[in-house]
There are 4 protein chains.
Amino acid sequence: MSEQFFNNVNKIQFEGENSTNPLAFRYYDENQVVLGKTMKEHLRFAACYWHNFCWKGSDIFGAGTFDLPWIQPTGNQLQLAEQKAKVAFEFFEKLTTPYFCFHDTDIAPEGRTLKESHANVNHITEIFQGEMQRTGVKLLWGTANLFSNPRFCAGGSTNPDPELFAYAAAQVKHALEVTHRLGGENYVMWGGREGYDTLLNTDLKQESEQYARFLKMVIEHKHKIGFKGTLLIEPKPQEPTKHQYDYDTATVAGFLHEHGLQDEVKVNIEANHATLAGHSFHHEIATACAKGVMGSVDANRGDMQNGWDTDQFPNDVAECTLVMYEILKAGGLTTGGFNFDTKLRRQSCARDDLFIGHIGGMDTMAKSLLNAAKLIEDAPLSNFVEQRYAGWKNELGQSILNGTANLDSLSQLVLEQDINPKQVSGRQELLENIVNRYV
Amino acid sequence: MSEQFFNNVNKIQFEGENSTNPLAFRYYDENQVVLGKTMKEHLRFAACYWHNFCWKGSDIFGAGTFDLPWIQPTGNQLQLAEQKAKVAFEFFEKLTTPYFCFHDTDIAPEGRTLKESHANVNHITEIFQGEMQRTGVKLLWGTANLFSNPRFCAGGSTNPDPELFAYAAAQVKHALEVTHRLGGENYVMWGGREGYDTLLNTDLKQESEQYARFLKMVIEHKHKIGFKGTLLIEPKPQEPTKHQYDYDTATVAGFLHEHGLQDEVKVNIEANHATLAGHSFHHEIATACAKGVMGSVDANRGDMQNGWDTDQFPNDVAECTLVMYEILKAGGLTTGGFNFDTKLRRQSCARDDLFIGHIGGMDTMAKSLLNAAKLIEDAPLSNFVEQRYAGWKNELGQSILNGTANLDSLSQLVLEQDINPKQVSGRQELLENIVNRYV
Amino acid sequence: MSEQFFNNVNKIQFEGENSTNPLAFRYYDENQVVLGKTMKEHLRFAACYWHNFCWKGSDIFGAGTFDLPWIQPTGNQLQLAEQKAKVAFEFFEKLTTPYFCFHDTDIAPEGRTLKESHANVNHITEIFQGEMQRTGVKLLWGTANLFSNPRFCAGGSTNPDPELFAYAAAQVKHALEVTHRLGGENYVMWGGREGYDTLLNTDLKQESEQYARFLKMVIEHKHKIGFKGTLLIEPKPQEPTKHQYDYDTATVAGFLHEHGLQDEVKVNIEANHATLAGHSFHHEIATACAKGVMGSVDANRGDMQNGWDTDQFPNDVAECTLVMYEILKAGGLTTGGFNFDTKLRRQSCARDDLFIGHIGGMDTMAKSLLNAAKLIEDAPLSNFVEQRYAGWKNELGQSILNGTANLDSLSQLVLEQDINPKQVSGRQELLENIVNRYV
Amino acid sequence: MSEQFFNNVNKIQFEGENSTNPLAFRYYDENQVVLGKTMKEHLRFAACYWHNFCWKGSDIFGAGTFDLPWIQPTGNQLQLAEQKAKVAFEFFEKLTTPYFCFHDTDIAPEGRTLKESHANVNHITEIFQGEMQRTGVKLLWGTANLFSNPRFCAGGSTNPDPELFAYAAAQVKHALEVTHRLGGENYVMWGGREGYDTLLNTDLKQESEQYARFLKMVIEHKHKIGFKGTLLIEPKPQEPTKHQYDYDTATVAGFLHEHGLQDEVKVNIEANHATLAGHSFHHEIATACAKGVMGSVDANRGDMQNGWDTDQFPNDVAECTLVMYEILKAGGLTTGGFNFDTKLRRQSCARDDLFIGHIGGMDTMAKSLLNAAKLIEDAPLSNFVEQRYAGWKNELGQSILNGTANLDSLSQLVLEQDINPKQVSGRQELLENIVNRYV
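Residues numbered from 1 in each chain as written. Chains lettered and ligands numbered in written order. Predicted model: local features only at pLDDT ≥ 70, side-chain atom pairs only at ≥ 80, totals over all residues.

You'll find chain A entered in an unreviewed UniProt entry as Xylose isomerase, with Thalassotalea fonticola given as the organism. Taken from UniProt, the Subcellular location (unreviewed entry) comment for chain A reads in full: "Cytoplasm". (UniProt positions renumbered as here; feature names shortened; annotations may be inferred.)

This is the structure we're talking about:
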């Protein structure tokens, strides 16, 4: 079709492991059934609006390198946004990701007033409804951008100015309602500026209270409007601020417990945020599963030699196998998905690079799913773990966990029976070798 | 006295800022009154038993360099422990730190059975009682070492083996009781092996439950025996394990909330653990104060270029001024203190280096206290912060915090009044310059 | 004067240590003589063009927050550049920094051709000549920006395309000549994109040869045109690329030796680049002095918890004292200076914040100079070091250094005389305490 | 044989990819021919003496967990060393690594004098000769331990005391001669304490001269005794010291050039040291190949979340494939090999864990070799790279590289022909996807 933007790319097909076609899948066969569900149902892939269609490849040292003709300093911004929407859906459809994700400000230009901004978003939302109908692409999650406009430089809900809080509240209300209108399955909060640049001008306790209050308002509103999707917080330790309050999964889970919100909010884990926080991607996923707050995944990767968010496409099958394994063990994703919060490298300025990057990411996750499914079926890890902790099913273990034992009784036991446990091999190398049989 | 170990060092005296005597204090005048309390009461300094008297200066690449004659591979270990106790109290007395701290295994050799270990600890405890009486030195906190013996290689309370849990419980019970007997003002838990080396052999959820149960047992026992001191958890992100569960203050505070223990346990913050966790020392202290869990401090410093616990003596007056400022703002230390969890560099093998290191640390904290007191009195920071958040005292701010506002009402307000906040300078450089006037 | 941009700020004055005027110097008295030179001569302060006048406070997550009316998406860019130049010199004059620094693309808009770009630069250069004459402000160094334009996305001199190399050469030739025309005292090369994003598409050996050839061309041209200033390479380990070839001072010095250029090029050390490379600022300065390549300093600081270039104003007097001490020991700066390659925090959007940031930095360096001068005069460190290495002045030491000893002779000596050296205290804590007496 | 230490382990066999036997190779078939050489010839595996037989699993927070009965605080240390040697060769033989490596102090106890230490080493050397004869195991490299004994706490060749330098020289002379006697193919220098703990007591320039002089002595002695093996320096950035002079490959190569030693010394690259230095393993290997100093490899891995040397077994086939690819491209290893400088995790205290760890590492490298060989044969990367730099084969490129072009001529060319290069895709994601087809 002459009017297509990616006119040299057709719908991406599954061609199997031996394909050398850079524009085909080698592992992602959306209809292949794995452990009783199709790959499509397991992986629930999403492409993002922002990095793909709103960012020209600029970095802090240089201007954009990508050819995105709808990004213009002047001209009718709403028309350009319409053009962008059309290209985005062409991309989603050809890539075959069943979902997409967006911030309010990604999709429509900000107006002179919030009312005007809302109107712009509503306008594009209608276009989305048509495109979603036409293509079958669905909304994984929406969110409000509370960090790019200069007004948010000191945060949104944690801003020193209550009027700014009110502004943020109004923006989130609208983004949540638009998400609901579009059938979004989750709503995400990423607090890019909810943190501090310096403790010298910051009242931590005050900001913490503001943040909790904001969260409660969003929860109340979700129920009020009947939104059935999941609310998600996206942990990140720093960048753009020196310190972000949603540092990592454990911090977020703790905050939720502090305010009694642990049943209302889950986490959206991003691989690159995990490593910036000093954790492995695997750790953050396993922690979220263990704490019952696993929600969704921003599937990307960082660069272990670089201390900022590089948002590269996932390509480490070994690590992603363990990530998938944790998720499968925990029952799989429900409303969440794997959203590619990924950027092309700034040098990757060929138009089809955008497809190639995503294909690599999708195949990485698909192969990881296949590996993980086999790990579930053969159960070499879970059998080992079960046996390792077997003692906790016995009388002593149960008496400890159910609260009948106490320091006195345990001390008496040890002293009287001269209990003297010795080290037992944790078999780390063996288990690592076993995992390498599956990747 | 001919039998003294540090026979070339006399009791350290305050000589004032201009002294060049390396064995004198320039700022720490224990009787100087600052904001209504003496320096001694504010700072509550402690010296530790382990690095000072139980470690010969070995590192993972080399043998010990220090001359500690009571550390011998063979010989009567209990007699050597007696000799060590005597030297330790000679040191505390000459250094004039009002407190000390210890692990059970620091002070007495482990026996073939736990019963024998307890007996050894009890024996030294009696010697301590005499020395404490004689010198007036008090116990800031005691603790149990659940990480050095091979039996703890997979953790104490989070061990896969409930018998090991029981052993750890018996050891903690005794250490807590000994701490109580010696009038200790706190009891610390540092979970050096409470974490994992690999997720492959670990059940995070199971270990989390074990850990919570352990904590509750300790709390119950504390009350049962009438110990009035504070229970403290010491956050550390990793080392020796790949990942420790008590990662940082926010994680610990969240865990306490998850289990309803937030009123029973506080944190013992170590500067070097803060930086290993990707935080500043200032951040961890400020977070603990804001979350109401500030307990005590392990005053040391790391090396920002090295990724392990270097435990150097604090010497950064600028940073420690801000640390002291946060603590003073929060009302000062209560049962906690500044414990020097510090190691001499391995090359610092002259006998008086141990005094010199501590004197530097004590003067750093004393000067920081003086600076912070002035920051409290002049209030340039708190005035700025108060004004910055002033809006939250007004009607809009109050309606948000007290829950009368919601997303609908705030959205209506913004849209109707076209509220459109602009960026306001956070004045970071100005505040930093102001702080530099005080350090 | 009504037409001034910083109309509420007058020329900054020295008011002494007790001043609380945020727009006055407390330590920087340009005429104060220290070790035989004025502070102005020692410190040779420069302000930079780029962060101060070409950057609106944007970061990768948000738009600019600063009020710089000469940055406009449309309009006559050359006229805007003239306006910018005027404001810049108003700033330099009021701040009293004797020098400034710039990239070619900072000062004038890029044209459609390189010829046009050169013409634009030439036009502004003439304005500079007038302003420099009027104000007495001088040029510390100039440089060419080979990283912002998309054409440089794969590097300048290390680009896979020799035409791009030629383009970079042409740009550097012009920037070097403009620097010469303006009496610049140095010319800097910062290879922001001279590195790689992935090894997969990179020929390291080829790029290394290109880079060496480029450097030689610049050296040849410098001599050809009679430029007497110093050529400087600015080490940085990464950002924007994954890996930059000029990783740190040791790497650059080694590269210069590999190509026999060690007498022609020196380094421009930036504090924040030092810490990104895993070094302390002090280390990089000391290394450059020891290797004889110390040239100039980009005086700023990073944030030890953030893994990117934060370019904050220096404010750590303790560290900068040691930096100044190394420089004084090595004879002081010659053609180099202290250039503030510093950015305001994005929230610092008040117009006078730019002065306040610089004043803090200048006072930090001035106080550090005073401290370091005292360290030089009293010589507590150098006396210690001299004594520590005294053995190398003796016969054995000399025989080793002058090459008369060899493994055989030394082995014979040790075995025959049973030489058996023991550890000697390095006195690190003592020396740290001594330094704290001076800061 | 009843007297064997690893009596439940037989010689490890190759069983093929589908084997689930933890004590068999899945990929390492020593006789399989790959690109014209056997795997054994390509990989030249070595096991190390130190971590395997001289370390009981202690870390800085706890005592050893491993059952190594020849490590005893008392008793006849030389007899224990004999026992150790026997077990070591039992291990090498069963593991089928063709090589081993050692430090002088690993193999024999230190005596009261250096003469006695030499005699002990000589005694064990004779035992080695017998065992090497019996088993066919060869020596990849020997080295002297200049870091564990307290006398080396301030370094060996960079020590402030020339007598210590002499002592180090005598020790290296003997270790080099023993290596020669045993037919060692390389001699390694790892400067664990050649660095500084604090700049305050250090004369960098002096120590650099000492180090260069030491290196020259070793080179001279090597030639004098007719040792044909390669001298290797092992880069490491820090640990145990704050800063080590042999920071990374680029630093070492630069130092060699500074002193004209680039043809005499190569590097022994350790994966974990690479990542501690802020580099990828791949980067260090590629840099060494590009600079012509690639010597040998200490094959292990670090933990990206831990800031110290964890020395884990390599298990990342994706990364090691690229490492092998660089080495194959550069012609393969000559005198070097892949030495497992690896430690079991402290919890891995079962006796066969030592085999399991090495088998995992050997299979990882063997599979990587197979993958890399295919990358060489199919040449998808090298074809891309060749084409990317094709311009440098043309007239313009050649004129630049051969020195006929200069800034003037290039500038003229660009201005006259209005050369204006545009960005070209670097195709990073495409290349990453291609690599994933091979791993």
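Past the structure itself, the notes keep going.
(A) Examining helix α5 (residues 114-135) of chain A more closely. Relative to the 32 Å expected for 22 residues at 1.5 Å per residue, α5(A) spans 31 Å between its end C-alpha atoms, a close match to the ideal helical length. Just downstream of α5(A) lies A:Gly136, where phi reads positive at about 80 degrees. (Helix = DSSP H or I, 4+ residues; strand = E, 2+ residues; numbered from the N terminus. Expected span 1.5 Å × (residues − 1).)

(B) Inspection of the UniProt feature "active site" (unreviewed entry) in chain A at higher detail. Residue and element names in this part refer to chain A. This chain's UniProt record puts "active site" (unreviewed entry) on His 103 and Asp 106. If sequence neighbours within four positions are ignored, His 103 has contacts with Trp 50, Thr 143, Ala 144 and Asn 145. Position of Asp 106 relative to the elements: it lies in helix α4 (residues 104-107). You can call Asp 106 buried: it has 24 C-beta atoms within 10 Å. (Contact = placed C-beta atoms within 7 Å. Buried ≥ 20, exposed ≤ 12 C-beta atoms within 10 Å, placed from the backbone.)

(C) Structural view of the packing of helix α11 (residues 317-329) of chain B against helix α12 (residues 353-378) of chain B. All names here are of chain B. Relative to each other, α11 and α12 sit at 55 degrees, their axes nearing to 7 Å. As far as their axial angle goes, α12 and α11 are oblique. The crossing of α11 and α12 is right-handed. Of the residues in α12, those in contact with Val 317, Cys 320, Thr 321, Val 323, Met 324, Tyr 325, Leu 328 and Lys 329 of α11 are Thr 364, Met 365, Lys 367, Ser 368, Leu 369, Asn 371, Ala 372, Ala 373, Leu 375 and Ile 376. (Axes fitted to C-alpha atoms, helices over the stretch in contact; angles between N-to-C directions. Parallel < 35°, antiparallel > 145°, perpendicular 65-115°, else oblique. Left-handed = near helix turned anticlockwise from the far one by under 90°.)

(D) Layout of the domain arrangement of chain A. For chain A, the domain assignment lists domain 1 (30-378) and domain 2 (383-438). One C-alpha centre belongs to domain 1 of chain A, the other to domain 2 of chain A, and the line joining them spans 40 Å. (Domains from an automatic or database assignment.)

(E) Inspection of the relation of the copies chain B and chain A at higher detail. When chain B is fitted to chain A, the residual RMSD is 0.0 Å, and the transformation amounts to a turn of 180 degrees plus an axial shift of 0.0 Å. Such a combination of rotation and displacement between the chain copies is what one expects of a two-fold axis. Closest approach to the rotation axis among the C-alpha atoms of chain B is made by B:Gly254, whose C-alpha sits 1.7 Å away. A shared interface surface links the copies, since 100% of the contact residues of chain B are contact residues in chain A too. (Least-squares fit on C-alpha atoms with pLDDT ≥ 70 in both.)

(F) Seen up close, the relation of the copies chain A and chain D. In screw terms, the move from chain A to chain D is a rotation of 180 degrees and a rise of 0.0 Å along the axis, fitting with an RMSD of 0.0 Å. In this assembly the copies share their binding face: 100% of the residues contributing to the interface of chain A also contribute to that of chain D.

(G) Expanded view of the sheet that holds strand β6 (residues 99-103) of chain B. Residues and elements named next belong to chain B. As summarised here, the arrangement of the 8 strands in space is β5-β6-β7-β8-β10-β12-β13-β14, forming a closed barrel in which the pairing is parallel. For this sheet, the mean inter-axis angle between neighbouring strands, taken without regard to orientation, is 30 degrees. Pairing between strand β7 (residues 138-143) and strand β8 (residues 186-189): 2 bridges, direction parallel. Opposite Gly 142, over in β8, you have Tyr 187 as the bridge partner. (Pairing = 2+ DSSP bridges.)

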